[in-house]
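# Remarks on the overall topology
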Amino acid sequence: MVIFTEAGFEYGFGHFYRMSGICERAIRTGNTAEMILRADEAAKSNLKRDYVIFADWKDPDEYKKILGPDVTLVIDSYHVDIGELENFRALCRDMVVIDDNIRLDYHGMKILNPNFFAVWLDYPADRGNTVFVGKDCTLLRDEFVMKEDRTAAREVSDILITMGGTDPKGLTPGLIEAVREVSADAKLHVVCTNAYPDLDRIRSMLSEHDKLYINIAAEDMCGLMKKCDFAIASAGGTTNELIKMQCPAILVVVADNQLLNTRFLSENGFVESIYGEDMSVIREMFSYEKRAAMMDKLRTFRSDRSGKDLLCEIAFGGSNE
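Notes on the structure in this doc start here.

### Observations concerning the overall build of the protein chain
Within the protein chain, the secondary structure is distributed over twelve helices and 13 strands. Counting only C-alpha atoms and orienting by the principal axes, one finds that the protein chain spans roughly 60 × 40 × 35 Å. When each of the 321 residues of the protein chain is scored for burial, the buried share is 54%. Contacts in the protein chain between residues far apart in sequence, at least 24 positions, make up 58% of those at least 6 positions apart. When the accessible surface of the protein chain is summed, it comes to about 13,900 Å², and 46% of that surface belongs to carbon and sulfur atoms. Distance between charge centroids for the protein chain: 3 Å, based on 38 positive and 53 negative side chains.

In structure tokens:
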């Protein structure tokens, strides 16, 4: 299996993290997987893995060397066009395109939408595509497993704040301030990476009871989602992880491609949302009834199967688990 994707300050790190879970699953089960990563210097210094090769897979000289009749290609990119997808497909044994919002006019292709909100999307039925959506198609790292149903605590004691891999709009300090306007006692768990431009300011805003996490592993993030009473998070790939862990959440929209998923999920009661400067919803999340109702909704998305099982079956003939 070969994966084409991208990461960096401009791209974010979300594509890398959801594709890394596929590579790790394939390798752990005795198969072969490589991630060909278009990356800037920040990504190159933070995302070194044995299965990662930094290269410009959009360059014909590169992708013609990589692809072949024995390769199953998985491609996760917002910067690929239909013409490039057609070129890739012609060189591969099989190809699966990861799609979040019907971004292109796909035709005759395998499409996997790994988002919980995808059940509300209307993929055209007349384009010859095979479309995989639903709670069995998520692409989360293996650490994100929920074996029991959560219940809401009466009082809020722990809050998770995470704005993804880069926080390009520098929203974390303002979110810390907004929480502190509601509660001086709740413990803040603020997750960042070394790519955040304002780490010193964030550190200075936290009390001795709060905790800052830098470049944490998936297992640690999973633990925080289980521990915290609710989360405030950017509306990217973390969204699916929060839903999987049944963690009530406020999603902060930081890019246009996050509007659709956030609207579907918030309108159907699975999350709350922040689109601009109005952060009054943070106060609402301190309500036990609010969080308990949200957890009831989140339980309906529970599944023991994922898109990684599907991709392994397509590439290798079975999930081997």
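### What to know about the pairing of strand 2 (residues 34–39)
Pairing of strand 1 (residues 2–7) with strand 2 involves six bridges; the strand directions are parallel. Within strand 2, the residue paired with valine 2 across the bridge is glutamate 34. At this point the chain moves from strand 1, through helix 1 (residues 14–28), to the parallel strand 2, and the crossover so formed is right-handed. Two strands pair when backbone bridges link them, and strand 2 and strand 3 (residues 52–54) are joined in this way by three bridges, in the parallel orientation. Each bridged residue has a counterpart across the sheet, and for leucine 37 the counterpart in strand 3 is phenylalanine 54.

### Digging into the sheet that holds strand 6 (residues 110–112)
Pairing within the open sheet is parallel, and its seven strands lie in the order 3-2-1-4-5-6-7. Looking at which strands have only one partner, the edges of the open sheet turn out to be strand 3 and strand 7 (130–132). For this sheet, the mean angle separating the axes of adjacent strands, direction not counted, is 25 degrees. Taken together, the three bridges between strand 5 (residues 94–98) and strand 6 define a ladder with parallel strand orientation. For isoleucine 98, the partnering residue across the bridge sits in strand 6 and is leucine 112. The strands touched by helix 1 within the sheet are strand 1, strand 2, strand 3, strand 4 (72–75) and strand 5, with strand 1 carrying the most contacts at an inclination of about 155 degrees. Of the strands in this sheet, strand 4, strand 5, strand 6 and strand 7 touch helix 12 (residues 307–316), which is tilted by about 160 degrees from strand 6.

### Remarks on the sheet that holds strand 12 (residues 249–252)
On the basis of which strands lie adjacent, the open sheet formed by six strands has the order 10-9-8-11-12-13 and parallel pairing. The sheet is open, and its two edges are formed by strand 10 (211–214) and strand 13 (272–274), each paired on a single side. Within the sheet, the average angular offset between the axes of one strand and its neighbour, ignoring direction, is 20 degrees. Here strand 8 (residues 158–162) pairs with strand 11 (residues 230–234) via four bridges, running parallel.

### A look at the side chain of serine 183
Looking at the element boundaries, serine 183 is found in the loop between helix 5 (172–182) and strand 9 (187–192). Within the structure, serine 183 has its side chain in polar contact with the backbone nitrogen of alanine 186 (distance 3.1 Å).

### Observations concerning the side chain of serine 77
Secondary-structure assignment places serine 77 in the loop between strand 4 and helix 4 (82–91). On the accessibility criterion, serine 77 (4% relative accessible area) is buried. Here glutamate 6 takes part through its side chain, which lies 2.8 Å from a polar atom of the side chain of serine 77. Within the structure, the side chain of serine 77 is placed 3.5 Å from the backbone nitrogen of valine 80, a separation counted as a polar contact. Setting aside its immediate chain neighbours within four residues, serine 77 contacts Glu6, Trp57 and Arg103.

### Some points on the environment of serine 266
On the secondary structure map, serine 266 appears in helix 9 (residues 259–267). Linking serine 266 and isoleucine 250, residues 16 residues apart in sequence, is a C-alpha distance of 9.1 Å. Residues contacting serine 266, with those up to four places away along its chain left out, are Val271, Ser273 and Tyr275. A polar atom in the side chain of serine 266 sits 2.7 Å from the backbone oxygen of threonine 262.

### Some thoughts on the pattern of salt bridges
Across all of its chains, the model carries 22 salt bridges by this definition. Between aspartate 142 and arginine 28 there is a salt bridge whose closest N-O contact spans 2.6 Å. Of the two residues, aspartate 142 sits in the loop between strand 7 and strand 8 while arginine 28 sits in helix 1, which places them 114 residues apart along the sequence. Judged by relative accessible area, which is 48%, arginine 28 ranks as partly exposed. A salt bridge links arginine 127 to aspartate 105; the shortest N-O distance between them is 3.0 Å. With a gap of 22 residues between them, arginine 127 in the loop between strand 6 and strand 7 and aspartate 105 in the loop between strand 5 and strand 6 connect regions that are remote in the sequence. According to the relative accessible area criterion, aspartate 105 is partly exposed, its value standing at 46%. A single salt-bridge network, built from bridges that share partners, covers Arg25, Arg28, Asp142, Lys308 and Asp309.

The rules behind these values
- Residues numbered from 1 in each chain as written.
- Predicted model: local features only at pLDDT ≥ 70, side-chain atom pairs only at ≥ 80, totals over all residues.
- Heavy atoms only, no water.
- Helix = DSSP H or I, 4+ residues; strand = E, 2+ residues; numbered from the N terminus.
- Buried < 20%, exposed > 50% of the residue type's maximum accessible area, 1.4 Å probe, protein only.
- Contact = heavy atoms within 4.5 Å.
- Areas by Shrake-Rupley, 256 points an atom, 1.4 Å probe, with all protein chains shown as cover.
- Lys, Arg positive; Asp, Glu negative; His and termini not counted.
- Charge placed at Lys NZ, Arg CZ, Asp CG, Glu CD.
- Pairing = 2+ DSSP bridges.
- Right-handed = clockwise from strand over helix to strand, strands pointing away.
- Axes fitted to C-alpha atoms, helices over the stretch in contact; angles between N-to-C directions.
- Polar contact = N/O pair within 3.5 Å; in protein donor to acceptor, adjacent residues only side chain to side chain.
- Salt bridge = Lys/Arg side-chain N within 4 Å of Asp/Glu carboxyl O.

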